[in-house]
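An overview of the molecular structure
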Amino acid sequence: MAATQLPQRESRRGHLVSHRTPSPRSPPPPFSISNTNAQPENEWKLEQGLDPVRLGLRNQSGITIATNAPNLSLGDTAELRPGAPDDDPDFVVREEREGWKGYVEWEDYPDKKEQARRRFARYRFPPPPEFQLQPLPGTNPVLEGVRWKLWHETMGGVLKDVPEESWRTVLKEKHPDMLHLLQFPYNGEAPKSLLIKDPITPNPLHFVRNHGGIPDIAPAAFELRLDGLVNNPRSLTLADLQNEALFPRLSKLVTLQCSGTRRLEQISVYAGEGDEMINAPWAEGAISTAKWTGVSLKKVVKYCGGLKDGAKHIELYGADTYFKGGECMNYVVSVPWSKVRAHEVLLAWEMNDEPLPRIHGFPLRAVVMGYIGARSVKWLYRIKAIATPSRAPVQSREYLYFQQQQGKHNQIPTMGIQIQEMPVSSAIMSPWNKEVVVHNGKIEVTGWAYSGGGRWPERVEVSADGGFVWYAVPVENLSAKHKFAWRTWTAHVPCDHEGWTELVVRCWDNSINTQPTHVRDTWNWGLHVTSSCHRVKIYSVNAGREATRRRLEDFEAKQESFLPITRPTEFKTMSMEEYEEVWAHMEPRDVTE
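Residues numbered from 1 in each chain as written. Predicted model: local features only at pLDDT ≥ 70, side-chain atom pairs only at ≥ 80, totals over all residues. Heavy atoms only, no water.

Here we come to helix 3 (residues 146-155). Across the 10 residues of helix 3, eight count as buried, placing the element largely inside the fold. Of the residues making up helix 3, those classed as buried are Val 146, Arg 147, Trp 148, Leu 150, Trp 151, His 152, Thr 154 and Met 155. Those residues of helix 3 that are buried lie in contact with helix 2 (110-121), strand 5 (123-124), helix 4 (162-173), strand 14 (313-324) and strand 15 (327-336). Following helix 3 by one or two positions, Gly 156 has its phi on the positive side, about 70°. (Buried < 20%, exposed > 50% of the residue type's maximum accessible area, 1.4 Å probe, protein only. Helix = DSSP H or I, 4+ residues; strand = E, 2+ residues; numbered from the N terminus. Contact = heavy atoms within 4.5 Å.)

Structural data, given as structure tokens:
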């Protein structure tokens, strides 16, 4: 995919100028007027902010700022850097254990990580696709993940075929109607029509937020390693964990939510940090609920003799290979010991009374109740007790909530809040944004509501006028209440008015927390945690009004489509005789005295 040359808007003298590369023009139509002094074809779009990816920098600072993007017209290939050092042919990425396909151990081998870094440094890779300042492609998958595929290909060895093998798993295990936001590493959400069809999400429809390939680990070969600041480090097999004589079995209904849920709403207001893997263009479907079965991590730690003095955090390791800043590593995050001690971290091997699907972490994963989904590590193979939060990139440099003035110009990881508990949130699943809704004075609205940290939705309210008048969803129209799970809901909201209006939903949890009013209130550079009231603009047509009903019948009788609503009505809505008859009984248009 070719990068676009950005216009430079600053001359050496500091004057505002516009240097644009003229685009090839097609021959003008016969009726056009040739004008050699005409503005570039996209000038109007640039002036109106309709083509922002090609809009230059207006520099009023007096300092020189680099603005020309490197010419990385590499398409789907990597480019060897000029003068790159020779590759080490002895460095081959191999699988670590028998029966663990797709697993490479990086954390125990700093020398191997350094070899991988040097191999990466030999190449230049195409930039990620732009999906904020220009329209998203109308494809499914929406984004492909070209760079991530190239990274795996560049590393070679057992990683080379991981993208293709992972995609085969997606097609095998996920619902055919799944919305694929990113092909690799796979990110996908269920369509709105299916997401809340049942309060418990079927496995094929459960959203997926993967950070790497999908390992294939044989249950008989599986081992879970526990070390660090534990009194008796040891390894446990899957059979050990499932032995109820050692560990009591626990089942829990838990909602998992990605911090990127509803990210498109933040993008629609202001663009933020963009990366084809880190910030997928999530809508309202990056949340799902399942019944998870396994053992409390606290019980396992106790079986290992408990923690040593100074242990305050538990690090969780995933078998997938993760890339960050030109380096290879395993997926590693941490949770506080206080969370584990409260029996709120589950080591799960079943999902909805079935063995874990491979795409969701088979044979073992963590389920961290009430926390951001990124902490619920899949393909869990190691648990390490440590003194501080993990220094691994996912914990220390990603999933950070910045203050609104933090951005590309001044972002420092220590200035962001590490996202753990998810705030109260809700979303409308139907109607859809900008949909025409014909109703009889009440609009049926459906959706979900959720609050993290062990809180739950206590009340859901919906407005049909942008948030001025609110109607509580009847309790009988809410799904059952659970400590760590969402509630799905249906409401019939009065709407007498017609034309464009805005449906809004907000949730109150059991701690009387509610949602910020507008997206701007929660906007942040990382585009995380869109917790504001969810707003859906619709075109209201109240067929309960007699005049409206008659007009709709006219469209049907004359076989003229009511859609799109922006198209002028072709049949006459009033004859001249009717027009004159009305004017005969009306006051004059203008006052003369």
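Having seen the structure, we can now continue with the description.
Okay, the sheet that holds strand 8 (residues 208-209) next. Read from one edge of the open sheet, three strands run 6-7-8, paired in antiparallel fashion. Strand pairing shows two members of the sheet lacking a second neighbour, strand 6 (179-182) and strand 8, which therefore form its edges. In this structure, strand 7 (residues 187-189) lies alongside strand 8, joined through two bridges in antiparallel fashion. Looking at strand 8, one finds that Gly 188 is bridged to Val 208. (Pairing = 2+ DSSP bridges.)

On the surface, Glu 577, Glu 578, Glu 580 and Glu 581 cluster together to form a negatively charged patch. Secondary-structure assignment places Glu 578 in helix 12 (residues 576-583). The exposure class of Glu 578 is partly exposed, given its relative accessible area of 41%. (Patch = residues over 30% accessible without salt bridge, like charges linked within 9 Å, V, L, I, M, F, W, Y side chains within 5 Å. Areas by Shrake-Rupley, 256 points an atom, 1.4 Å probe, with all protein chains shown as cover. Salt bridge = Lys/Arg side-chain N within 4 Å of Asp/Glu carboxyl O. Lys, Arg positive; Asp, Glu negative; His and termini not counted. Charge placed at Lys NZ, Arg CZ, Asp CG, Glu CD.)

What follows covers the UniProt feature "domain: Moybdenum cofactor oxidoreductase dimerisation" (unreviewed entry) in the chain. If you check UniProt for "domain: Moybdenum cofactor oxidoreductase dimerisation" (unreviewed entry), the listed places come out as residues 418-539 in our numbering. Measuring from the first to the last C-alpha atom of residues 418-539 gives 40 Å, for a span that is 0% helix and 45% strand. (UniProt positions renumbered as here; feature names shortened; annotations may be inferred.)

Our focus in this paragraph is the nonpolar core. What tends to happen in soluble globular proteins is that the nonpolar side chains get buried as a cluster. Core analysis: the biggest nonpolar cluster contains 86 residues, and Met 155, Leu 297 and Ile 314 have the highest contact counts within it. If you count residues domain by domain, this core takes at least three from each of domain 1 (223-256 + 282-418) and domain 2 (424-512 + 532-592). Setting aside anything within four residues of it in sequence, one finds Leu 297 in contact with Ile 314, Leu 316, Val 340, Val 345, Leu 347 and Ile 383. Within the second largest apolar cluster, 26 residues are counted, among which are Val 142, Leu 346, Met 369 and Leu 527. (Core = buried A, V, L, I, M, F, W, Y, C linked by side-chain atoms within 4.5 Å. Domains from an automatic or database assignment.)

Before going further, it helps to spend a moment on the domain arrangement of the chain. In terms of domain boundaries, the chain breaks down into domain 1 (223-256 + 282-418) and domain 2 (424-512 + 532-592). Distance between the C-alpha centres of domain 1 and domain 2: 42 Å. Each partner contributes to the interface: domain 1 provides 12 residues, whereas domain 2 provides 12 residues. The tally of links from domain 1 across to domain 2 stands at zero salt bridges. Our enumeration of links across domain 1 and domain 2 arrives at six residue pairs in polar contact (both at pLDDT 80 or more). Mapped onto the side of domain 1 that touches domain 2, the elements with two or more residues apiece are strand 12 (250-257) and strand 13 (287-296). Looking at the side of domain 1 that touches domain 2, the element that brings in the most residues is strand 12, giving four residues. Each residue belonging to the side of domain 1 that touches domain 2 can be placed in one class, and the counts come to four nonpolar, four polar and four charged. (Polar contact = N/O pair within 3.5 Å; in protein donor to acceptor, adjacent residues only side chain to side chain. Nonpolar A, V, L, I, M, F, W, Y, C, P; charged D, E, K, R; others polar.)

The next thing to look at is the side chain of Glu 398. Residue position: Glu 398 is located in the loop between helix 10 (393-396) and strand 20 (400-401). For Glu 398, a relative accessible area of 4% puts it in the buried group. One polar contact links Glu 398 to Tyr 322, side chain to side chain, over a distance of 2.6 Å.

The subject of this paragraph is the packing of aromatic side chains. Considering all chains together, one arrives at 22 aromatic pairs under this definition. For the pair Trp 500 and Tyr 539, a centre-to-centre distance of 5.4 Å together with 75° between the ring planes defines the contact as edge-to-face. One end of the pair, Trp 500, is in strand 28 (residues 499-509); the other, Tyr 539, is in strand 29 (residues 534-542), with 39 residues separating them in the sequence. You can call Tyr 539 partly exposed: its relative accessible area is 25%. One aromatic cluster in this structure is built from Phe 120, Tyr 123, Phe 125, Trp 148, Trp 151, Tyr 322, Phe 323 and Tyr 331. Over the aromatic face of Phe 571 sits the side chain of Lys 558, whose NZ or CZ is 5.0 Å from the ring centroid. (Phe/Tyr/Trp six-rings, centres within 6.5 Å; stacked < 30°, edge-to-face > 60°. Lys NZ or Arg CZ within 6 Å of the ring centre and 35° of its normal.)

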